[in-house]
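Close look at the chain arrangement
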Amino acid sequence: MKRKPSSEATAAWIRLMRVQSRVLDAVEHDLKKAGFPPLAWYDALFELSRSPRGEMRPVELERQMLIPQYSTSRLIDRLVDEGLAVRRECKMDKRGQFIEITEAGRELQKKMWQAYSAAIERHIGSKLSDGDALRLCDLLDRLGCSCNDAALLPGKDAAGVR
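Reading guide: rules and limits
Residues numbered from 1 in each chain as written. Predicted model: local features only at pLDDT ≥ 70, side-chain atom pairs only at ≥ 80, totals over all residues. Heavy atoms only, no water. Helix = DSSP H or I, 4+ residues; strand = E, 2+ residues; numbered from the N terminus. Buried < 20%, exposed > 50% of the residue type's maximum accessible area, 1.4 Å probe, protein only. Contact = heavy atoms within 4.5 Å. Salt bridge = Lys/Arg side-chain N within 4 Å of Asp/Glu carboxyl O. pLDDT = per-residue confidence, 0-100. Expected span 1.5 Å × (residues − 1). Bend = angle between axes of the 7 residues up to and from the residue. Pairing = 2+ DSSP bridges. Axes fitted to C-alpha atoms, helices over the stretch in contact; angles between N-to-C directions. Phe/Tyr/Trp six-rings, centres within 6.5 Å; stacked < 30°, edge-to-face > 60°.

1. Quick look at the overall build of the protein
- Along its length, the protein carries six helices and three strands.
- Ordered by position in the sequence, the α and β elements of the protein form the string α-α-β-α-α-β-β-α-α.
- Relative to its 162 residues, the protein shows a buried fraction of 32%.
- Of all intrachain contacts in the protein linking residues separated by at least 6 positions in sequence, the fraction that spans at least 24 positions is 56%.

If you want it as C-alpha cells, here you go:
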C-alpha cells in the first residue's frame, strides 16, 4: 500500500500553493500600478536578455521562464507587436525561428526591474530575514526547486536579476 501524505505535509502543500498565488497576484498588482505590463513580459525579456546572443527558440523561452506560460506564442506576438522583440528565421532549420530581444525590450526589462525588485522586497524581503530566506531556499531545494541558481541571485547587475 502506498503511503498517504500526513496532515502536516498536506497543510504545507496548501500553504505553499496559496502563498505562491497571493504573492504572484500582489507582484502583478504592483507592476500594473506602476504602469508596466504583466510579469510574464518581464520574465520573457529577462530570459532573452541573459541568453548569450539575446535570442532563443520559442520552446527554449517557455522552458526557461520563471512563471508558467501556457500561451508563449501569444506573449511573443505581443512582444513583437510592441517592438520589444523580433522574430528571426533559423538559418539551419527554415521552419524554425528565433525570438531576439530588441534594445527597446532591454530598456523595458531594466525599467520594470525597479518596480519588480520593490515588489519582491515588499512581499518577501520585508517579511523574512536573510537567514530565513536562505532556510526557505534550502527547504524549497528539498522539494526540487533550485534557489541556488546563480543567475537568479542578486549580483552586480540588479536589472538582470529576477
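Still to come is the rest of the account.
2. Digging into the pattern of salt bridges
- All chains considered together, the criterion is met by seven salt bridges.
- What emerges from the salt-bridge pattern is a single network uniting Arg53, Glu55, Arg88 and Glu100.

3. Here we look at the environment of methionine 56
- By the secondary structure assignment, methionine 56 is in strand E1 (residues 55–56).
- Distance from methionine 56 to glutamate 100, taken between C-alpha atoms, is 6.7 Å for residues 44 residues apart in sequence.
- When near neighbours in sequence (up to four residues on either side) are disregarded, methionine 56 contacts Glu47, Leu48, Ser51, Leu61, Gln64, Gln97, Phe98 and Ile99.

4. Let's talk about the confidence of the model for the protein
- Summarising the model, the protein shows a mean pLDDT of 87, and 87% of its residues fall at 70 or more.
- Helix H3 (residues 58–64) is the least confidently modelled element of the protein, averaging 89 in pLDDT, while helix H5 (residues 103–125) averages 97, the highest of any element.
- Segment residues 150–158: pLDDT under 50, and 11 contacts once partners within four positions in sequence are set aside and those in other chains are kept.

5. Concerning H5
- Taking 1.5 Å of rise per residue, 23 residues should cover 33 Å, and H5 covers 30 Å from first to last C-alpha, within 8% of that figure.
- Of all the bends in H5, the largest measures some 30° and sits at tryptophan 113.
- Buried residues along H5 sit against helix H1 (7–33), helix H2 (39–50) and strand E3 (97–101).

6. Quick word on the sheet that holds E1
- The three strands lie next to each other as E1-E3-E2, forming an open sheet whose pairing is antiparallel. Among the strands making up the open sheet, the edge pair consists of E1 and strand E2 (85–89).
- As judged from the five bridges shared by E2 and E3, these two strands associate in the antiparallel manner. When the sheet's bridge partners are listed, alanine 85 is paired in E3 with isoleucine 101.
- On top of the sheet, helix H4 (residues 72–81) reaches E2 and E3; it is set at about 110° to E2, its chief contact.

7. Quick look at the packing of aromatic side chains
- Under the definition given, this model contains four aromatic pairs.
- For the ring pair tyrosine 42 and phenylalanine 46, a centre distance of 6.1 Å and an interplane angle of 15° mean the geometry is stacked. With tyrosine 42 and phenylalanine 46 both in helix H2, this residue pair falls four residues apart, about one helical turn. Residues tyrosine 42 and phenylalanine 46 agree in their burial class; the two are buried.
- An angle of 80° between the planes, with centres 5.7 Å apart, marks the rings of tryptophan 113 and tyrosine 116 as edge-to-face. Residue tryptophan 113 and its partner tyrosine 116 are located together in helix H5, separated by three residues, close to a single helical turn. In this pair, the class of tryptophan 113 matches that of tyrosine 116, namely buried.

8. A few points about the pairing of E3
- By the bridge criterion, two bridges tie E1 to E3 in an arrangement that is antiparallel. Considered in E3, the bridge of methionine 56 is made with isoleucine 99.

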